[in-house]
Amino acid sequence: MSLIVPDFDESVLVRSADAEVIGRAPTTIRLLADSSATGGALSTQRVSLTNGADGAKPHHHSRSAELFYVLDGTAQLLSGEQLVTAERGDLVIVPPGLAHAFAAAPGEDADILIVITPGVERFEYFRHLERIAYGKVPPESLLEVQELYDTYFLSSEAWSKARR
C-alpha cells in the first residue's frame with residue numbers, strides 16, 4: 001500500500017459564484033477543485049441531474065476511489081453489479097477498480113457531491129464531455145483519453161437493464 005502525501009500548504013476555497021459550470025439541465029456539473037489545487041489529494045465536483053437524467057456511464061478508475069454524497073434528491077448508482085438507490089444524506093464510496101455509474105433515479109432529481117481520491121486532473125475531462133454533448137468531437141474520442149483521466153469505460157448489463 002502506498003501513502004499519498006498531498007503537496008499543498010494553503011486551504012482551498014472555491015466560492016460558489018467562482019465555480020466553472022459545465023452543461024445545462026438536465027445535467028449540470030460544477031467544477032470545484034482539481035487535483036492540482038489540492039496537491040494531488042483529491043478532485044471534486046458537484047453534479048446536478050434533473051428528471052432521471054444520466055450522470056456517468058459504467059466505468060472504473062484503476063488508481064482512485066470515488067465518493068458520492070447525495071446533497072439532495074435520489075440517485076441511482078451502480079457499484080460492481082449491484083444497483084444502489086441513495087437519497088439525501090447517503091454516502092457511497094466505490095473502491096479503485098470497481099465498475100460504477102450514476103444517474104438521478106427515474107423521474108427524480110439528484111444533486112451529488114463527487115470526490116475522487118487520490119486526485120486526478122479531471123476538469124479538462126468534463127470540458128471534453130461538454131464538447132461531445134455539443135457535437136464538437138465524437139463520443140469515441142473519450143477512448144483516446146481513458147488513461148489520461150483514469151476513466152475506463154465498460155458495459156454493464158445490470159446498468160443497461162436498470163436505465164431502460
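Look a little higher up for the structure.
All values derive from a computational prediction rather than experimental measurement.

### A short note on helix α1 (residues 123-133)
Here α1 has its buried residues at Phe 123, Tyr 125, Phe 126, His 128 and Ile 132. Buried-residue contacts for α1 involve β1 (20-24), β2 (27-33), β3 (43-49) and β10 (152-153). Immediately beyond the C-terminal end of α1, within one or two residues, lies Gly 135, with a positive phi of roughly 75°.

### Some thoughts on unusual backbone geometry
One can expect most non-glycine residues to show negative phi and most peptide bonds to be in trans. Cis geometry marks the peptide bond from Ala 25 to Pro 26, where omega comes out at 20°. With respect to the element layout, Pro 26 can be found in the loop between β1 and β2. With an omega of -5°, the peptide bond running from Thr 117 to Pro 118 counts as cis. One can find Pro 118 in the loop between β9 (110-117) and α1. In this structure, Asn 51 takes a positive phi of about 50° despite not being glycine. With respect to the element layout, Asn 51 can be found in the loop between β3 and β4 (54-60). The exposure class of Asn 51 is exposed, given its relative accessible area of 59%.

### What to know about the packing of aromatic side chains
For the coordinates displayed, the defined rule picks out three aromatic pairs. An angle of 75° between the planes, with centres 5.3 Å apart, marks the rings of Tyr 125 and Phe 126 as edge-to-face. By the burial criterion, Tyr 125 is buried, and Phe 126 matches it. Aromatic rings pair up to connect Tyr 125, Phe 126 and Tyr 149 into one cluster.

### Observations concerning the nonpolar core
Ranked by size, the top nonpolar core spans 26 residues in total, and within it Leu 49, Phe 68, Leu 77, Phe 102 and Ile 112 carry the most contacts. At the level of elements, β2, β3, β5 (65-79), β7 (91-94), β8 (100-104), β9 and α1 are the ones that each hand at least two residues to this core. Contacts of Phe 102, omitting those with residues within four sequence positions, involve Val 47, Leu 49, Asp 54, Gly 55, Ala 56, Phe 68, Gln 76, Leu 77, Ile 112, Ile 114 and Trp 159.

The rules behind each value
Residues numbered from 1 in each chain as written. Predicted model: local features only at pLDDT ≥ 70, side-chain atom pairs only at ≥ 80, totals over all residues. Heavy atoms only, no water. Buried < 20%, exposed > 50% of the residue type's maximum accessible area, 1.4 Å probe, protein only. Helix = DSSP H or I, 4+ residues; strand = E, 2+ residues; numbered from the N terminus. Contact = heavy atoms within 4.5 Å. Phe/Tyr/Trp six-rings, centres within 6.5 Å; stacked < 30°, edge-to-face > 60°. Core = buried A, V, L, I, M, F, W, Y, C linked by side-chain atoms within 4.5 Å.

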